[in-house]
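# Commentary on secondary and tertiary structure
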Amino acid sequence: MNYYILTYHLVDSYLEERGKYREEHLGMAKKAQEAGEIIMAGALDNPADKAVFIFKSEFEETAKHFAENDPYYKNGLIKQYLVRKWNVVIGSE
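This is a predicted model, so every value here is computed, not measured. Sequence order as written defines residue numbering, which begins from 1 separately in each chain. Only residues with pLDDT of 70 or above have their local features reported here, since the model is predicted, and side-chain atom pairs are shown and tallied only from 80 upward, although totals for entire chains, interfaces and linings are computed over all residues. The side-chain quantities take in all heavy atoms of the structure and omit both hydrogens and water.

## A few points about the sheet that holds strand S1 (residues 2-10)
When DSSP locates at least two bridges between a pair of strands, those strands are taken to pair. Going along the chain from the N terminus, every DSSP run of H or I of four or more residues is numbered as a helix, and every run of E of two or more is numbered as a strand. The strand order S2-S3-S1-S4 describes an open sheet built from four strands, whose pairing is antiparallel. Every other strand in the sheet has two partners, leaving strand S2 (38-43) and strand S4 (78-86) as the edge strands with one partner each. With strand direction ignored, the average angle separating the axes of adjacent strands in the sheet is 15°. Of the strand pairs in this sheet, S2 and strand S3 (residues 50-57) are connected by five bridges, and their pairing is antiparallel. What sits directly across from Met40, in S3, is Ile54. Lines are fitted to the C-alpha atoms to define the axes, a helix being fitted only along its stretch in contact, and any angle between axes, read from their N-to-C directions, falls within 0 to 180 degrees.

See the structure below:
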């Protein structure tokens, strides 16, 4: 199994605009967590300009599929996203 870091680069108005999509976004994330795909996730603070997700999956596409179907991305709250494989050395199972 591999680990991938999904990083969102958020628009400046993210905090003001996320409310209308938040329930759907969190529902997607919780479903992915229950499936064992998302290990942890959250937004960075001060400034709230990025969010980070840790995925555990055989395939990078799992994280990309999540991002491209996220209502935050579909509705323009994400300027861009980046998925990178993470070679975990300490703390892996």
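After that view of the structure, there is still more to cover.
## Looking at the packing of aromatic side chains
Aromatic ring pairs are reported here in terms of the distance separating the ring centres and the angle at which the planes meet. Stacked, tilted and edge-to-face pairs are distinguished by plane angle, under 30 degrees for stacked and over 60 for edge-to-face with tilted covering the rest, among Phe, Tyr and Trp rings (Trp via its six-membered ring) whose centres lie within 6.5 Å. Under the definition given, this model contains seven aromatic pairs. Summarising the aromatic geometry, the rings of Tyr14 and Tyr72 are spaced 5.7 Å apart at their centres and angled 85° between planes, so their arrangement reads as edge-to-face. Here Tyr14, found in helix H1 (residues 14-17), pairs with Tyr72, found in helix H4 (residues 71-74); they are 58 residues apart in sequence, far enough to count as distant. Ring centres 5.4 Å apart and planes at 55° place the aromatic pair Phe53 and Phe66 in the tilted group. Pair noted here: Phe53 is in strand S3 and Phe66 is in helix H3 (residues 61-69), with a separation of 13 residues, a long-range link. Judged on exposure class, the residue Phe53 and its partner Phe66 are both buried. Accessibility here uses a 1.4 Å probe with only protein chains present; expressed as a share of the type maximum, an area under 20% marks a residue as buried, one over 50% as exposed, and anything in between as partly exposed.

## Description of the side chain of Asp70
Position of Asp70 relative to the elements: it lies in the loop between H3 and H4. Within the buried set, Asp70 has no salt-bridge partner at all; the shortest N-O distance to an opposite charge, 8.7 Å, is to Lys74. His is not counted here, nor are the chain ends, while Lys and Arg score as positive and Asp and Glu score as negative. Only one rule defines a salt bridge in this text: a Lys or Arg side-chain nitrogen within 4 Å of an Asp or Glu carboxyl oxygen.

## Details of H3
For the α-helix, the turn length of 3.6 residues means that residues three or four positions removed from each other point alike. Within H3, the full set of buried residues consists of Thr62, Ala63, Phe66 and Ala67. The buried side chains of H3 occupy one side of the element, clustering within an arc of 130° when seen end-on. In this analysis, two residues are considered to be in contact whenever any of their non-hydrogen atoms come within 4.5 Å of each other. Buried residues belonging to H3 abut S1, helix H2 (19-34), S2, S3, H4 and S4. For this quantity, the arc is that covered by the directions from the helix axis to the C-beta atoms.

## Observations concerning the nonpolar core
Among the nonpolar cores identified, the biggest contains 21 residues, and Leu6, Tyr8, Ile38, Phe53, Phe55, Phe66 and Tyr81 are the most heavily contacted of them. For this core, the elements supplying multiple residues, two or more each, are S1, H2, S3, H3 and S4. Of all the elements, S1 adds the most residues to this core, at four residues. What is meant by a nonpolar core is a set of buried Ala, Val, Leu, Ile, Met, Phe, Trp, Tyr and Cys residues, joined one to another through side-chain atoms within 4.5 Å.

## Description of the pattern of salt bridges
Taken as a whole and assessed by the stated rule, the structure comprises two salt bridges. Ionic pairing is found between Lys50 and Asp49, a salt bridge with its closest N-O pair at 3.8 Å. Judged by its relative accessible area of 27%, Lys50 falls in the partly exposed class. For Asp49, a relative accessible area of 31% translates into the label partly exposed. Glu60 is paired through a salt bridge with Lys64; the nearest N and O atoms lie 3.2 Å apart. What makes Glu60 partly exposed here is its relative accessible area of 26%. The class of Lys64 is partly exposed, set by a relative accessible area of 31%.

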